[in-house]
Amino acid sequence: MLGRLNAAWRVARCGLAPARPSSLVFINTMKCNARCKMCLQWREVRGPDSQGRTELTLEQIDRFTRSMGRLFMVQLSGGEPFLRPDMGETMLLIGRNCAPLLFTVPTNGSHPDRILSAVRAFCAAYPKTMLRLNLSVDAPAETHDAIRGIDGLYEKCRETITRLKEIQTRAPGLTVNICAVLSHYNRAGIRPGIKRILDELCPDHLTLMLARGDTPEAIALEVPIEEYEAAVADLRAHLEARSKEKHPLRNLGRVLEKEISRVVAESAKQQRQVIPCVGGSKHIYVDDQGRILPCEVLVSILRDHPSNELDSAVMADLSDFDYSVPAALDSMHARRVAQFIRDGKCHCTSECLAAPSILLNPRLYPRLALTAFRQAVSDLVVSRRRPPAP
């Protein structure tokens with residue numbers, strides 16, 4: 001309980017702090033063995049922007065992460081991050097330099113041995129860090145393999161999850177989750193598909209994201225927002241029925257997920273920012289080449305909708321600032337990009353941005369707390385009405 005209260009206090013402190021990054025997404029490689037039909041980074045992975053990319057070295061990663069100091073949340077992503085041979089070392093380096101409260105690593109699950117080795121070493125070195133492995137699974141079996149372009153990938157994910165669960169018995173900070181992307185390719189069977197994934201793979205949690213950004217085929221994004229809302233509600237009911245968590249702060253997590261899905265849906269409906277976005281200020285994205293961006297989607301937004309006020313989404317190149325993130329963010333262009341976002345001149349449906357924009361916005365804390373309290377009261381009423389088990 002004290003640990004959870006300490007975590008809540010650290011989140012609040014980051015939200016109340018001046019506009020310095022507390023949230024980082026770092027892309028360690030754009031190499032990927034999958035060919036996902038709804039990939040928003042396909043240009044960098046296999047398209048025209050994939051040629052001649054020079055990845056940051058481990059020494060350069062060390063320098064830029066040290067310049068950031070302690071962070072609330074870090075996501076180490078790709079491409080497929082475990083294709084990089086020094087992935088385990090990179091995880092340990094971030095743990096040492098940034099001491100994140102929440103460390104998220106998405107993966108397609110295709111290399112269980114590499115994943116297990118890196119996770120085992122990290123959990124031994126940083127047992128108090130909340131390490132969240134997010135395996136990408138969009139549908140059961142053959143449908144998932146077809147969407148991701150790798151035969152047998154669903155079974156590889158099953159193996160990876162099973163083996164991670166064995167580590168979890170000795171690593172209480174580790175959670176093994178699934179992240180499903182709702183797109184045109186799985187929308188027809190998403191609701192029964194989610195239940196089957198939960199039954200067969202038994203993750204700790206499942207998150208449903210909406211396909212977004214610049215995809216290889218525009219049809220990937222053709223999902224009515226009402227279908228997304230219905231699938232999220234269905235998922236929430238399944239998770240509630242399976243949940244064994246009873247701690248007092250559990251409702252805050254449930255409320256946060258509801259708020260994220262609400263923000264995504266309303267942004268899609270209203271075509272505007274419905275809450276202030278922290279991209280470029282309290283949240284940054286560093287790509288494999290060392291370029292700082294506010295997020296993963298502004299590049300495609302400006303490509304599709306050019307702006308007279310902003311000619312590039314790239315805030316700065318770390319190599320021009322001796323790999324110092326504070327110095328890079330103090331540059332004139334970086335400030336212009338951050339101001340463009342603060343002025344609400346872009347919008348998106350990215351859950352990766354909605355989460356820090358909610359958690360790092362103190363103005364939303366009273367609303368979250370009140371909703372969590374109401375949920376707790378509702379749970380209490382329901383539990384008292386429920387007949388005792390025979």
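Since the model is a prediction, treat every value here as computed from it, not as a measurement.

Caption draft 1: Focus on a nonpolar patch on the surface. Side chains of Leu370, Phe373, Val377 and Val381 sit close together on the surface and give an oily, nonpolar patch of about 340 Å² of accessible area. Relative to the elements of secondary structure, Val381 occurs in helix α15 (residues 365-385). On the basis of relative accessible area, Val381 is assigned to the partly exposed category, the value being 35%.

Caption draft 2: Molecular detail of the packing of helix α5 (residues 112-125) against helix α7 (residues 153-168). Interaxial distance between α5 and α7 falls to 10 Å at its minimum, and their mutual angle equals 20°. Regarding the angle of α5 to α7, the classification is roughly parallel. Where α5 crosses over α7, the two elements pack in a sense that is right-handed. Residues Pro112, Asp113, Ile115, Leu116, Val119 and Arg120 of α5 form the contact with α7, whose own contacting residues are Lys156, Glu159, Thr160, Arg163, Leu164 and Ile167. Its residues assigned to classes, the contact of α5 with α7 comprises six nonpolar, one polar and five charged.

Caption draft 3: A look at the packing of aromatic side chains. Applying the stated criterion across every chain yields a total of three aromatic pairs. Seen in terms of ring centroids, Phe103 and Phe122 are 5.2 Å apart; in terms of plane orientation they differ by 70°. Their pairing is edge-to-face. In this pair, Phe103 is assigned in strand β3 (residues 102-107) and Phe122 in helix α5, connecting sequence segments 19 residues apart. When sorted by exposure, Phe103 lands in the same class as Phe122, which is buried. Look at Phe122 and Tyr126: their rings are 5.2 Å apart centre to centre, the planes differ by 40°, and that puts the pair in the tilted class. Here Tyr126 falls in the partly exposed class, since its relative accessible area comes to 23%. By way of ring pairs, the aromatic residues Phe103, Phe122 and Tyr126 are connected into one cluster.

Caption draft 4: Structural detail: the environment of Ser312. Mapped onto the secondary structure, Ser312 falls in the loop between α11 (298-304) and β9 (316-317). Judged by its relative accessible area of 25%, Ser312 falls in the partly exposed class. Considered as a pair, Ser312 and Leu353 are 41 residues apart in the sequence and their alpha carbons are 19 Å apart. Among residues more than four places away in sequence, those in contact with Ser312 are Leu302, His333 and Val337.

Caption draft 5: Looking closely at the pairing of strand β4 (residues 130-136). Judged by how many residues are buried, β4 sits mostly within the fold: five of seven residues are covered. Handedness of the β-α-β unit built from β3, α5 and β4 comes out right-handed. As paired strands, β4 and strand β5 (residues 174-182) are joined by six bridges and run parallel to one another. Counterpart to Leu131 in the pairing with β5 is Leu174.

Caption draft 6: Representation of the pattern of salt bridges. Summed over all chains, the structure comprises 31 salt bridges. Across the pair Asp322 and Arg63 runs a salt bridge, and its minimum N-O distance is 2.3 Å. On the criterion of sequence distance, the pair formed by Asp322 in the loop between β9 and α12 (325-329) and Arg63 in helix α3 (residues 58-68) is long-range, its members being 259 residues apart. With a relative accessible area of 23%, Arg63 lands in the partly exposed category.

What counts as what
- Residues numbered from 1 in each chain as written.
- Predicted model: local features only at pLDDT ≥ 70, side-chain atom pairs only at ≥ 80, totals over all residues.
- Heavy atoms only, no water.
- Patch = residues over 30% accessible without salt bridge, like charges linked within 9 Å, V, L, I, M, F, W, Y side chains within 5 Å.
- Areas by Shrake-Rupley, 256 points an atom, 1.4 Å probe, with all protein chains shown as cover.
- Salt bridge = Lys/Arg side-chain N within 4 Å of Asp/Glu carboxyl O.
- Helix = DSSP H or I, 4+ residues; strand = E, 2+ residues; numbered from the N terminus.
- Buried < 20%, exposed > 50% of the residue type's maximum accessible area, 1.4 Å probe, protein only.
- Axes fitted to C-alpha atoms, helices over the stretch in contact; angles between N-to-C directions.
- Parallel < 35°, antiparallel > 145°, perpendicular 65-115°, else oblique.
- Left-handed = near helix turned anticlockwise from the far one by under 90°.
- Contact = heavy atoms within 4.5 Å.
- Nonpolar A, V, L, I, M, F, W, Y, C, P; charged D, E, K, R; others polar.
- Phe/Tyr/Trp six-rings, centres within 6.5 Å; stacked < 30°, edge-to-face > 60°.
- Right-handed = clockwise from strand over helix to strand, strands pointing away.
- Pairing = 2+ DSSP bridges.

Read these as layout, nothing more, since geometry by itself doesn't imply function.
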